[in-house]
Amino acid sequence: MSEAIVKGSNLNKILNGLIEEQLLTEEALSEAISKAESSRKNLGEILIEDGYISKEALESFIKKIFELPYVDLTSYVPDPEALKLIPKTIVHRYLILPLFEIEGNLTVAIPNPLTVFILDSISQEIGYELDPVLTTEDSLLDSVIVYYGISPDEMSDYHKASGSIAETENDFELKEENLFSIDLDRLAILESSSVSELLTEILLKAKKAEATAVHIEPIEGDFRVMYRVEGTLRTVGVAARSLQKPLTDYLKNVSKFPRQVERPVEKILELPRLGEMIISMFPTIHGERIVLTFERDPLRIDDIEQIGLSEEEKNDIKEVLNCRHGLMVIGAPINSGKTSTLRTFLRYANKEGKSAFMLAVEEVRPVEGVQFQKLRGEELLTAIEGLIHQDIDIIGLDEADSEEAIRACIRLAQKSMVILTIEASSITDAIRKMIDSGAETFSLSWSLSAVISQRVMKKNCSHCLEEYKSPLITNKVVKKYLGENFQVFRSRGCDSCRGSGVDGYVSVFEVTSFSESMKRKLATSFNPQDFQNQLRSKGVDSILSKAMEKVVEKQVTLEEVYRTTGFKE
Ligand SMILES: [Zn+2]
C-alpha cells in the first residue's frame, strides 16, 4: 500500500472546489453527501439527479480542476504490468482501465467524469493513487474486453448492472440487483423443485463474478453464502439457518452423498450450464459446511492426439513417456492448461502392465486407471519420498513448487517416469527454476528427459469471423511476425457461439526433449540466454511464434496473444 495515499484527497479537492467556485453552498453539499451515504450512490450522480447542479456544469468543473486529458484507446495500448494492478472485478464494477504506473501513481482511463467522486475508495481498495484521464465509453468497453479477456456479452451484462448515469433515472433496482446479492429468504416459500433454480442463480452469478469458489456455511442461528473473488470471501446472502436445509438436501441428492454426512465428503459434480465443479461437505455441530470450487482447468481434451501438439512434438513426447524412468517438466503460468496436459500424458503413459500414480495439492479430475492422492502442501514431500520404493512406473505431480519437492522429484526420477508441473513462463524459465531449487546439476541433467511450456488461448468462433482493426497491429513485435498491414480477424458473436465469439480453447506448446549433448552442457553450466539460443537453433519455436501462427490461421485474436504472452519471447 502506497504511503502517499491520503484518504479522501481527490474527493476533498472536488468538494472544496465546488464551494470555492460557489457552485454549491456548504449546506447543500452536506445534505447531498448524507443522501449519497444513505443510498450508497455516487455523490456526483446525486448532485445531478436531485438538481443541486446541472450535469454540464458539474462535468466542466471536474474537467477543469482535474485538467483531464483525453486518451484515444483505439490507438493507445496499456502497459501489461499496469493491467495486472487492478483486478478484473474492479475494472468491471467501476468501468476504469489502468494505463501505466509510475512510483505508486496509476493512471486510469475513465469514461464518465463522475467516476472521480469514487476514485478515493478505489484507491483504498487497490493500494495505488489514481490519476484519471478521460476516454469514450465505447472504446473503454472494447479495451476491457480485449485486455481482460471477457466476452462482449458478459461486459454488457456488467455494464447494465453497474448502470451509467444516463440510464439510472429510475432503475436503481437493477443497479442493486448485482452479482453479489442473492435473496436467500426465497427458500422459505420455494417449492422443492425451484431449489435448483436458486442454486443455479448462486452458481451462475459466482461464475460471472469470476469467483473461484462458493461457500455455504452455517453461522450462529443463520447460514450464509459467500463467493471467493480475487482471493477474498464476499458474503452475498444470509438467511435463517433452517432455510439451509432444502439447499443442502438438494446438493446431497445431486452429489449422491448420504443423507447424514458424518465425515467430510467430496466429489466432482457436473451441473447443466455450469460445467464441472468440486463439491466438498464438512459436518460441523451446526450443520454442513459446503464448498463448491470451480474447475481450474478449462481444457477438456485428454487425448494426446488432440491437444494441439505437432507430429514431431508428439513423437518426442511419446518416446519420453515410454521410458522406464526420467523427468518431464511442464512449466507454464497458472491457468495455462498444464494440469490438463499432465492428465493427458498420464493417460497416454499408463498402459497395460504399468502402474501410475498422481499427486496433487488441489482437487483435479481423476484419470482413469491412475491412482490419485490429494495432499496438503506440507505432506507432499513425505508422499514423494514414500513413493520411491513403491515401484511405480509413472508418477504425475501437479504443482510441486517447493524446492524440497522438486529435489525429491529428481531423486524419484531415477526409479520412475515422473511428470511434474511447475509455474514457469517458458522452457528456459522452468529449467532455471529447477536449478534454483538447489538441485545438484549433475542429477538434474541426468534425469531431465523433456521440458514443455504452454499457453491456452480462447479460440475464435469460426461462424462469425470478421476482419477488424486492432490497436496492436502497429506493435513492433506484431510487425516482426506478421509484417506490415496484416489483416487480423476476431469473432463478433453469433447464435452458434451464443454471442460470445469464443468457441473453446486452443493450446500452443514449446517442447524440447533433452539429447545427450544438451544434458552434458546442462551439467556443466546453464546460461538462460545461451540456452534459449540453443533451443531456437535446434528449431524449437517459441510460444509467441506459435501463437502468431494461430493469428494467421484466424484461430485467435492478437489481443488474446498479447494477454497470454505479453508479446514476450
Ligand atoms: Zn460465433
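Cut-offs used in this document
- Residues numbered from 1 in each chain as written.
- Predicted model: local features only at pLDDT ≥ 70, side-chain atom pairs only at ≥ 80, totals over all residues.
- Helix = DSSP H or I, 4+ residues; strand = E, 2+ residues; numbered from the N terminus.
- Core = buried A, V, L, I, M, F, W, Y, C linked by C-beta atoms within 7 Å.
- Buried ≥ 20, exposed ≤ 12 C-beta atoms within 10 Å, placed from the backbone.
- Contact = placed C-beta atoms within 7 Å.
- Expected span 1.5 Å × (residues − 1).
- Pairing = 2+ DSSP bridges.
- Axes fitted to C-alpha atoms, helices over the stretch in contact; angles between N-to-C directions.
- Right-handed = clockwise from strand over helix to strand, strands pointing away.

*Asks:* What am I meant to see in unusual backbone geometry here?
*Replies:* You will see that E67, though not glycine, has its phi angle at about 45 degrees, which is positive. For E67, the location among the structural elements is in the loop between helix 4 (55-66) and helix 5 (80-83). A positive phi angle, close to 50 degrees, is found at D391, a residue other than glycine. With respect to the helices and strands, the residue D391 is situated in the loop between helix 15 (380-387) and strand 13 (394-398).

*Asks:* How should the nonpolar core be read in this particular structure?
*Replies:* Note that soluble globular proteins tend to have their nonpolar side chains buried in a common cluster. With 72 residues, the main nonpolar core has L327, V329, L346, C409, V418, L420 and A547 as its most contacted residues. Non-local contacts of L346, meaning those with residues more than four positions away in its chain, are made with A356, M358, V367, V370, I394, G396 and I419. Listed in part, the 37 residues of the second largest apolar core include L58, I62, I110 and L140.

*Asks:* Honestly, helix 12 (residues 244-255) in this entry has me stumped. Any pointers?
*Replies:* With 12 residues, helix 12 should cover 16 Å at 1.5 Å per step; its first-to-last C-alpha distance of 16 Å lies within 8% of that length. Contacts from the buried residues of helix 12 go to helix 11 (195-208), strand 4 (213-219), strand 5 (222-229), strand 8 (275-284) and strand 9 (287-294). Count one or two residues on from helix 12 and you reach K256, which has phi positive near 55 degrees.

*Asks:* Honestly, the sheet that holds strand 8 in this entry has me stumped. Any pointers?
*Replies:* Two strands in a sheet stick together by hydrogen bonds in their backbones, pointing the same way (parallel) or opposite ways (antiparallel). Spatial ordering of the open sheet is given by 6-5-4-9-8-7, a layout of 6 strands whose pairing is antiparallel. Only two strands of the sheet have a single neighbouring strand rather than two, namely strand 6 (232-240) and strand 7 (265-271). Across the sheet, the axes of successive neighbouring strands diverge by a mean angle of 20 degrees, strand direction being ignored. Where strand 4 meets strand 5, 7 bridges bridge the pair, whose relative direction is antiparallel. Following the sheet pairing, I216 is matched in strand 5 by V225.

*Asks:* Help me understand the pairing of strand 3 (residues 129-134) in this model?
*Replies:* Consecutive side chains of a regular strand alternate in pointing toward one face of the sheet and then the other. Note: strand 2 (residues 105-110) against strand 3, 6 bridges, orientation parallel. Within strand 3, the position partnered with T107 by the bridge is D131. Remark: the strand 2/helix 7 (residues 119-126)/strand 3 crossover connection has right-handed handedness.

Structural measurements only, silent on function.
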